[in-house]
Amino acid sequence: MNTAPHALKTLNTFGVEAWAQSLHTLHKPEAIAPLLDQHGAPDLLLGGGSNVLLVQQSFQQVWLNRLMGRTVLARDTRTVRIRLQAGEPWDAAVAWCLAQGAFGLENLSLIPGCCGAAPIQNIGAYGVEIAQFIHRVEAMDLNSGAVHHLAANECDFAYRHSIFRSPEGKRWLILAIELNLSATFQPTLDYPGLRQLDDQNAAAELTAQQIRQAVIALRRSKLPDPSLLGNAGSFFKNPIVASTQLEQLLSAYPQLPHWPHEQGAKLSAAWLIQHCGLKGYRQGDAAVHANHALILVNHGMASGAELWQLAQNIQSTVHQKTGVRLEPEPQILH
Ligand code: EPU
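What you are looking at is a predicted structure, and each value in this text was computed from that prediction instead of being measured.

### With respect to the sheet that holds strand β1 (residues 6-7)
Reasoning step 1: The 4 strands are arranged β1-β2-β5-β3 in an open sheet whose pairing can be described as mixed. Bordering the open sheet on either side are β1 and β3 (44-46), each of which pairs with just one other strand.
Reasoning step 2: Relative to strand β2 (residues 19-26), β1 runs antiparallel, the two being bridged by 2 bridges. Residue pairing across strands places A7 opposite W19, the latter belonging to β2.

### Regarding the site of the ligand
Reasoning step 1: Residues in close proximity to the ligand total 24 residues, the closest being Y126, Y159, Y191, Q274 and E329.
Reasoning step 2: Between the ligand and the protein, one listed contact pairs an oxygen atom with a side-chain N or O atom of Y191 at 2.4 Å.
Reasoning step 3: The protein chains hide 80% of the 830 Å² of surface that the ligand would expose on its own.
Reasoning step 4: Among the secondary structure elements, those contributing two or more residues to the shell around the ligand are β8 (124-125), α4 (208-222), β13 (230-234) and α6 (269-275).
Reasoning step 5: Ranked by the residues each element gives to the shell around the ligand, the list is headed by α6, at 3 residues.
Reasoning step 6: Per-class residue counts for the shell around the ligand are 11 nonpolar, 7 polar and 6 charged.
Reasoning step 7: The two domains that each donate at least three residues to the shell around the ligand are domain 2 (70-182) and domain 3 (230-321).

### What about the sheet that holds strand β14 (residues 240-241)?
Reasoning step 1: Pairing is antiparallel across the open sheet formed by 3 strands, whose spatial order is β14-β16-β15. Here the strands that pair on one side only, and so sit at the sheet edges, are β14 and β15 (258-261).
Reasoning step 2: In the packing of helix α5 (residues 243-252) onto the sheet, the strands contacted are β14, β15 and β16 (264-267), and the crossing angle to β16 comes to about 50 degrees.

### Examining the nonpolar core
Reasoning step 1: Formed by 46 residues in total, the largest nonpolar core has its most connected members in L8, L54, F236, I273, L296 and I314.
Reasoning step 2: Elements supplying a minimum of two residues to this core: β3, β4 (52-54), β5 (58-65), α5, β16, α6, β18 (286-288) and α7 (304-322).
Reasoning step 3: The dominant element in this core, judged by the number of residues it contributes, is α7, at 6 residues.
Reasoning step 4: The residue makeup of this core includes at least three contributed by each of domain 1 (6-65) and domain 3 (230-321).
Reasoning step 5: Setting aside its immediate chain neighbours within four residues, L8 contacts V16, A18, W19, A20, L23, L44, L54, F59 and V62.
Reasoning step 6: The next biggest cluster of nonpolar side chains, apart from the first, holds 40 residues, and it includes L84, V94, I123 and L218.

### A word on the domain arrangement of the protein
Reasoning step 1: Here the domain parsing of the protein yields domain 1 (6-65), domain 2 (70-182) and domain 3 (230-321).
Reasoning step 2: Each of domain 1 and domain 3 was reduced to a C-alpha centroid, and the two centroids are 29 Å apart.
Reasoning step 3: In this assembly, domain 1 packs against domain 3 so that about 880 Å² is buried in total across both faces, 63% of it on carbon and sulfur atoms.
Reasoning step 4: At the junction of domain 1 with domain 3, the criterion picks out 0 salt bridges.
Reasoning step 5: Applying the counting criterion to the domain 1 and domain 3 interface returns 3 residue pairs in polar contact (both at pLDDT 80 or more).
Reasoning step 6: Tallied by class, residues from the side of domain 1 that touches domain 3 come to 5 nonpolar, 5 polar and 1 charged.

### Re the pairing of strand β10 (residues 134-141)
Reasoning step 1: Within β10, 6 of the 8 residues are buried, which leaves the element mostly enclosed by the surrounding structure.
Reasoning step 2: Note: β10 against strand β12 (residues 172-182), 7 bridges, orientation antiparallel. Bridged to V137 within β12 is I177.
Reasoning step 3: Sheet topology note: the β10/strand β11 (residues 147-151) ladder contains 5 bridges and is antiparallel. Note on β11: the bridge partner recorded for A139 is H148.

### So, the packing of aromatic side chains
Reasoning step 1: The full count for this structure, using the stated rule, is 5 aromatic pairs.
Reasoning step 2: Residues Y126 and Y191 carry aromatic rings whose centres are separated by 4.7 Å and whose planes lie at 85 degrees to one another, so their mutual orientation is edge-to-face. Highlighted residues: Y126 in the loop between β8 and β9 (128-129) and Y191 in the loop between β12 and α3 (192-200), separated in sequence by 65 residues.
Reasoning step 3: Y126 sits in the buried class, given a relative accessible area of 9%.
Reasoning step 4: Feature note: the residues F14, F235 and F236 constitute an aromatic cluster, connected by ring pairs.
Reasoning step 5: One residue, K266, lies across the ring of Y159, its end atom 3.7 Å from the ring centre.

### Topic: the environment of V324
Reasoning step 1: The residue V324 is located in the loop between α7 and β20 (331-333) in this model.
Reasoning step 2: Residues V324 and L26 lie 298 residues apart in sequence; the distance between their C-alpha atoms is 41 Å.
Reasoning step 3: Residues within four places of V324 in sequence aside, it is in contact with P239, Q245, L249, L267, L272, V318 and H319.

Analysis parameters
- Residues numbered from 1 in each chain as written.
- Predicted model: local features only at pLDDT ≥ 70, side-chain atom pairs only at ≥ 80, totals over all residues.
- Heavy atoms only, no water.
- Pairing = 2+ DSSP bridges.
- Helix = DSSP H or I, 4+ residues; strand = E, 2+ residues; numbered from the N terminus.
- Near = heavy atom within 4 Å.
- Polar contact = N/O pair within 3.5 Å; in protein donor to acceptor, adjacent residues only side chain to side chain.
- Areas by Shrake-Rupley, 256 points an atom, 1.4 Å probe, with all protein chains shown as cover.
- Nonpolar A, V, L, I, M, F, W, Y, C, P; charged D, E, K, R; others polar.
- Domains from an automatic or database assignment.
- Contact = heavy atoms within 4.5 Å.
- Axes fitted to C-alpha atoms, helices over the stretch in contact; angles between N-to-C directions.
- Core = buried A, V, L, I, M, F, W, Y, C linked by side-chain atoms within 4.5 Å.
- Buried < 20%, exposed > 50% of the residue type's maximum accessible area, 1.4 Å probe, protein only.
- Buried area = accessible area lost by both parts, 1.4 Å probe.
- Salt bridge = Lys/Arg side-chain N within 4 Å of Asp/Glu carboxyl O.
- Phe/Tyr/Trp six-rings, centres within 6.5 Å; stacked < 30°, edge-to-face > 60°.
- Lys NZ or Arg CZ within 6 Å of the ring centre and 35° of its normal.

Shown next as structure tokens:
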């Protein structure tokens, strides 16, 4: 039997070195239960590998989700119900939904990764989150092999959070997502970088395709392309603080960007990191991106452990200087 380990470097967008003793690619849902019976649950599930930091370098069994398929399930005058299999690349699925006349995902254009990962961290950008559109998530319980449908209200969605990120949620393997999209286009232009579209176009003339192109241009101008420079998007969540802490912070830092949140306020983690002098900071090949302080990048040979060390240094510097605790956004695998 060939026991040479499988390299995971090209299967995670940070591009860090790690290996799997066995690597199974999931192409068909019906092949999963027999795999589970034969080998047990995997110790790592990968989709696009764009929201993980592999600190650990050696994994026993890794499954790669490549379940493909996109379907329009139903349509009426208001809603288009869409089913996307978990292994479908996200951005191509967004483009496909628009081509079907199913609107709502345009602000989420160009987010890296696969459709199955979208509910896990409740992907969000430019004023929109996937939770707004989830009808239900089809997932296999890896403890039993049974397939369940979790309705949106069972998924515990919050800012960059869902049940799938909680310790008990780790047992789910997402097979497909079903979305309720809109049959009519209504733009969401709350984000400052998109507001100008409102001014330039009479609202009636603006198309979803124009928003998609504007979002793609914004992302390309701000965020490094993982195929050119290893990264996993925002490395920290924007922290949520109580109103009393916000007041203290604003008296020390009147410029700190913040947004209303039901528990107080959401702060800009990028601003805090930049304020601590860490934008562009580099430890070997692990660095804070020079153009966006929320993004950690791998300049080539950084290991997962080196990137994690840098992240911990950032957390402790920001905490010592400002009292704010930053939480990682990607899943950290120790
Ligand atoms: N800012 C700085 N320094 C920087 C970068 C930004 O001070 O180096 C300030 C900006 O001036 C702005 C504020 O931070 O006032 C917010 O910046 P930006 O609009 O770039 O958004 P973000 O808070 O850094 C979040 C999401 C992104 C999403 C954008 C747009 C999180 C953790 N990140 O970033 O999502 O694309 O808003 O909606 O919520 C991701 O999750 O991977 C991701 C890229």
